[in-house]
Amino acid sequence: WNGHQWHTPQTPLIAGVQRADLLAKGLLIQKKITPDMLQNYQKLCIFNAMIEFGERVISLNEVISD
């Protein structure tokens, strides 16, 4: 989450069904995301077939340290 949109990597580890559905609905936007770009994001969301999108949202303040 960059404050306006949810982005997903252009080359994910697994291009799953839920990701494809969220892309088709326009809820995710594919972007090239590098580690250096993470400072431009506020949150990340972990999801898969067993975890619904939005269920596990993590503040990047908890992940990135100076």
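Residues numbered from 1 in each chain as written. Predicted model: local features only at pLDDT ≥ 70, side-chain atom pairs only at ≥ 80, totals over all residues. Heavy atoms only, no water.

A. Structural view of helix 1 (residues 17-24). Of the residues making up helix 1, those classed as buried are Q18, R19 and L22. With its buried residues spanning 100° around the axis, helix 1 presents them on a single face. Opposite the buried face of helix 1, by more than 90 degrees, sit the exposed residues V17 and A24. Tucked into the core, helix 1 has its buried residues touching strand 1 (6-9) and strand 2 (28-31). (Buried < 20%, exposed > 50% of the residue type's maximum accessible area, 1.4 Å probe, protein only. Helix = DSSP H or I, 4+ residues; strand = E, 2+ residues; numbered from the N terminus. Arc of directions from axis to C-beta. Contact = heavy atoms within 4.5 Å.)

B. Broad picture of the environment of S59. Of note, S59 is situated in strand 4 (residues 56-59). Here S59 falls in the partly exposed class, since its relative accessible area comes to 25%. Spatially, the C-alpha atoms of S59 and Y41 are 9.0 Å apart, while their sequence positions differ by 18 residues. Those residues within four positions of S59 in sequence are excluded, and the remaining contacts are Q42 and K43.

C. Layout of the packing of aromatic side chains. The final tally for this structure, using the stated rule, is three aromatic pairs. For the ring pair W1 and W6, a centre distance of 5.5 Å and an interplane angle of 50° mean the geometry is tilted. Overall, W6 belongs to the buried group, its relative accessible area being 17%. Taking 5.2 Å as the distance between ring centres and 85° as the angle between the ring planes, the aromatic pair formed by F47 and F53 counts as edge-to-face. (Phe/Tyr/Trp six-rings, centres within 6.5 Å; stacked < 30°, edge-to-face > 60°.)

D. Representation of the pattern of salt bridges in the model. Summed over all chains, the structure comprises two salt bridges. Note that K25 is salt-bridged to D21, the shortest N-O span being 3.0 Å. For K25, a relative accessible area of 56% corresponds to the exposed category. Of the charged contacts in the structure, one is a salt bridge between E55 and R56, with a shortest N-O distance of 3.9 Å. Note on R56: relative accessible area 45%, which makes it partly exposed. (Salt bridge = Lys/Arg side-chain N within 4 Å of Asp/Glu carboxyl O.)

Scope: geometric values only; no functional claims are made or implied.
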